[in-house]
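Here are the chains, one letter per residue:
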Amino acid sequence: MRPYAEVIGDPITQSKSPVIHNFWLKQLKINAVYNACHVTEGDLAAYLADRRNDEAWRGCNVTMPHKQTVIPLLDRLDSGAERIGAVNTIVRERNGILVGRNTDAPGFLEPLRPLLDKTHLFRMGRVLGTGGAARAIVTALADEHMVIVLAGRNPAKARALLDELDPGGEHHAVDIAHFESVTDFAFDDRAGCLDLVVNASSLGMSGQPPLLFDMSHAPPGSVFYDIVTSPLETDFLKAAKAAGFRTVDGLSMLIGQADHAFAHFFGTRPPRDGDALLRQEIAG
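The numbers attached to residues start from 1 for each chain and follow its sequence in the written order. Local features in this predicted model are restricted to residues whose pLDDT is 70 or higher, and side-chain atom pairs enter the listing and the counts only when it is 80 or higher, whereas totals over whole chains, interfaces and linings include all residues. Remark: hydrogens and water are excluded; side-chain values derive from all non-hydrogen atoms of the structure.

**Here we look at the pairing of strand S6 (residues 98-101)**
Short version of the rule: In this scheme, a residue with accessible area under 20% of its type's maximum is buried, one over 50% is exposed, and one in between is partly exposed, where area comes from a 1.4 Å probe on protein chains only. Helix and strand assignments follow DSSP, with helices taken as H or I runs no shorter than four residues and strands as E runs no shorter than two, numbered in order from the N terminus. In short, DSSP must find at least two bridges between two strands for them to pair.
Of the two faces of S6, both are covered, the one formed by Leu98 and Gly100 as well as the one formed by Val99 and Arg101. In this structure, strand S4 (residues 76-77) lies alongside S6, joined through two bridges in parallel fashion. Its bridge partner lying in S6, Leu77 is registered against Gly100. The pairing of strand S5 (residues 89-92) with S6 spans four bridges and is antiparallel. Bridge pairing links Ile90 to Gly100 in S6.

Here you go:
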């Protein structure tokens, strides 16, 4: 009856979540374990039916491609997951009740909080991707009063997503190919503007097509954020650094969202004073 949680996805071998959660379990001397479990879309219903009856199972994190397809298999969603329309954390409650939650949104915002706590003349986020992670990111940025340019292979899908998640916002949907070629657009370069460029897709991930983005589309002072964790320093971030922009890597969001998920699984927030050592553990 040793308590356990896990992460599910297809594929799953690239996941760094077991390293993160087991690092915290060891630090807190909690007698539990966190595993990775390969679950295909066809096996998703059977997996949850089995775990629902396992009293040792505390829940799981959900990664691609299940963040939306898992929803009909759950008993209920919390308000955040219901609004976002995507689940990245499933918690088993008493009597096998399965509750879907979303910790991606607060996890994404965590490394940006020092910037977002300041007052700005204008805030814009260019978000590349329209999948489950993008839904959380768009919702989080809209709540921070940012104008969003959402880019996807299907601009109509991007428009529909914006209208669903923040219908009152003055946001824009474009083809992701728009960012591939050079632009001579005259950006607002006043001090006090906050511009983000976020890769919320799997483009640039190991084994996936590259993310094509010309740096001329980034206003002065932009912050580049890539949610991809394999590789940790993507070509997208390398190009941004070479051009002199600030960057945030995918581990920042992964550790941030894991913090909230860990509390749901094991009843306590993890210690965060060892994040530097945790990063070394992940890299090793």
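**Topic: the packing of aromatic side chains**
What counts, and what does not: In summary, the pairing rule links any two rings of Phe, Tyr or Trp, Trp by its six-membered ring, whose centres are within 6.5 Å, and it sorts them by plane angle into stacked for under 30 degrees, edge-to-face for over 60 and tilted for everything else.
Under the defined criterion, the tally for this structure stands at 12 aromatic pairs. Judged by centre distance (5.8 Å) and plane angle (90°), the rings of Phe213 and Phe236 are edge-to-face. Placement of Phe213 in the loop between strand S10 (193-199) and strand S11 (223-226) and of Phe236 in helix H8 (residues 235-242) is noted, with a sequence separation of 23 residues between them. Each of the two residues, Phe213 as well as Phe236, counts as buried. Plain terms: the ring middles of Phe224 and Phe236 are 5.2 Å apart, the flat faces sit at 55° to each other, and that makes the pair tilted. On the criterion of sequence distance, the pair formed by Phe224 in strand S11 and Phe236 in helix H8 is long-range, its members being 12 residues apart. Across this residue pair, the class does not change: Phe224 and Phe236 are buried. One aromatic cluster is present, formed by Trp24, Tyr34, Phe262, Phe265 and Phe266 through successive ring pairs.

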